[in-house]
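Notes for the structure review
Chain by chain, the residues:
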Amino acid sequence: MSATEIRSDRLLLRTALRDTDREGFVEFSTDPEVQAYLVGPSPRSEAEQRFDVVFAADPAPRRGNFVIADLATDRFLGTLMLAGRATDRPGHVVEDGEELELGYVLRRDAWGVGYAFEAAAVVLWAAAGELPDQPVVLVTQSANGRSMKLAARLGFRPVRTFEAYGAEQTLCAAPLGAFRG
């Protein structure tokens, strides 16, 4: 995707990581509830170091990787990624493994108000207007009921399950063309 900023009614999705995003990034990286279905919480020092490495290495826009921020305040709410799924990772729907993958993480205080749906929908809509129709996958732990409900609400359908990271994962898929407005 070529967009470096995408706006919705309440959100600004921007590719540029800012130093003011540090505390929000560290917060969601260290929060046990946010990280429960991911890799687990990081120690604060590790999360700060990871932010510093990412920020120092590439403060310029990162194609397909977005900061989800409050439109009115620019407050960091989370991250969203829509990029090619690595071919060496398990879970694909096409033989060559060249599908897009949607992933998102939000701070706990941003849960339950529709931000994840709004951010994902606007990015998928923008991508559908720019990229050729192709499969988009979303992978989540099968036990993550909130993420499974969001996937269904967005129009993704479960395709298969597989084991990874010590837990059952569900691979959901949707054609990018389904998000054209």
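Everything below is about the structure printed above this text.
Read on for an overview of the structure. In this text the structure is predicted, and so the values were computed from the model without any measurement.

What counts and how
- Residues numbered from 1 in each chain as written.
- Predicted model: local features only at pLDDT ≥ 70, side-chain atom pairs only at ≥ 80, totals over all residues.
- Heavy atoms only, no water.
- Salt bridge = Lys/Arg side-chain N within 4 Å of Asp/Glu carboxyl O.
- Helix = DSSP H or I, 4+ residues; strand = E, 2+ residues; numbered from the N terminus.
- Buried < 20%, exposed > 50% of the residue type's maximum accessible area, 1.4 Å probe, protein only.
- Axes fitted to C-alpha atoms, helices over the stretch in contact; angles between N-to-C directions.
- Parallel < 35°, antiparallel > 145°, perpendicular 65-115°, else oblique.
- Left-handed = near helix turned anticlockwise from the far one by under 90°.
- Contact = heavy atoms within 4.5 Å.
- Nonpolar A, V, L, I, M, F, W, Y, C, P; charged D, E, K, R; others polar.
- Phe/Tyr/Trp six-rings, centres within 6.5 Å; stacked < 30°, edge-to-face > 60°.

Further remarks concern the pattern of salt bridges. Scanning all chains against the criterion turns up 17 salt bridges. The shortest N-O distance in the salt bridge between Glu-23 and Arg-44 comes to 2.8 Å. One end of the pair, Glu-23, is in helix α1 (residues 22–30); the other, Arg-44, is in helix α2 (residues 44–57), with 21 residues separating them in the sequence. Accessibility expressed as a relative area gives 42% for Glu-23, which makes it partly exposed. The exposure class of Arg-44 is partly exposed, given its relative accessible area of 39%. Between Glu-101 and Arg-85 there is a salt bridge whose closest N-O contact spans 2.7 Å. A residue pair is termed long-range when its members are at least 10 positions apart, and Glu-101 in strand β5 (residues 100–106) and Arg-85 in the loop between β4 (76–84) and β5 qualify at 16 residues.

Let us now look at unusual backbone geometry. Unlike most non-glycine residues, Asp-74 shows phi in positive territory, near 65°. With respect to the helices, strands and loops of the structure, Asp-74 is situated in the loop between β3 (65–70) and β4. Backbone geometry at Tyr-165 places phi at a positive 55°, although glycine is not the residue there. Take Tyr-165: it is sitting in the loop between β7 (157–164) and β8 (167–175). Taking relative accessible area as the criterion, Tyr-165 reaches 61% and is therefore assigned exposed.

With that settled, consider the packing of helix α3 (residues 115–130) against helix α4 (residues 145–154). The N-to-C vectors of α3 and α4 enclose an angle of 40°; their axes lie 10 Å apart at closest approach. Here α4 runs oblique to α3, going by the angle between their axes. Pair α3 / α4 crosses with right-handed handedness. Contacts between α3 and α4 involve Ala-116, Phe-117, Ala-120 and Ala-121 from the first element and Leu-150, Arg-153 and Leu-154 from the second. Here the residues of the contact of α3 with α4 are counted per class, giving 6 nonpolar, no polar and 1 charged.

Any pair of aromatic rings gets described here by the distance separating the centres and the angle formed by the planes. On inspection of all chains with the given rule, the structure shows 4 aromatic pairs. Plain terms: the ring middles of Phe-25 and Phe-51 are 5.5 Å apart, the flat faces sit at 55° to each other, and that makes the pair tilted. Here Phe-51 lies in helix α2 and Phe-25 lies in helix α1, a separation of 26 residues in the sequence. Here the two residues Phe-25 and Phe-51 agree in accessibility, since each one is buried. Residues Phe-28 and Phe-76 carry aromatic rings whose centres are separated by 5.4 Å and whose planes lie at 65° to one another, so their mutual orientation is edge-to-face. In this pair, Phe-28 sits in helix α1 while Phe-76 sits in strand β4, placing the two residues 48 residues apart along the sequence. Here Phe-28 falls in the buried class, since its relative accessible area comes to 5%. Residue classification places Phe-76 among the buried residues on the basis of a relative accessible area of 3%. Connected via pairs of aromatic rings, a cluster forms that spans Phe-25, Phe-28, Phe-51 and Phe-76.

Read these as geometric descriptors, not functional statements.
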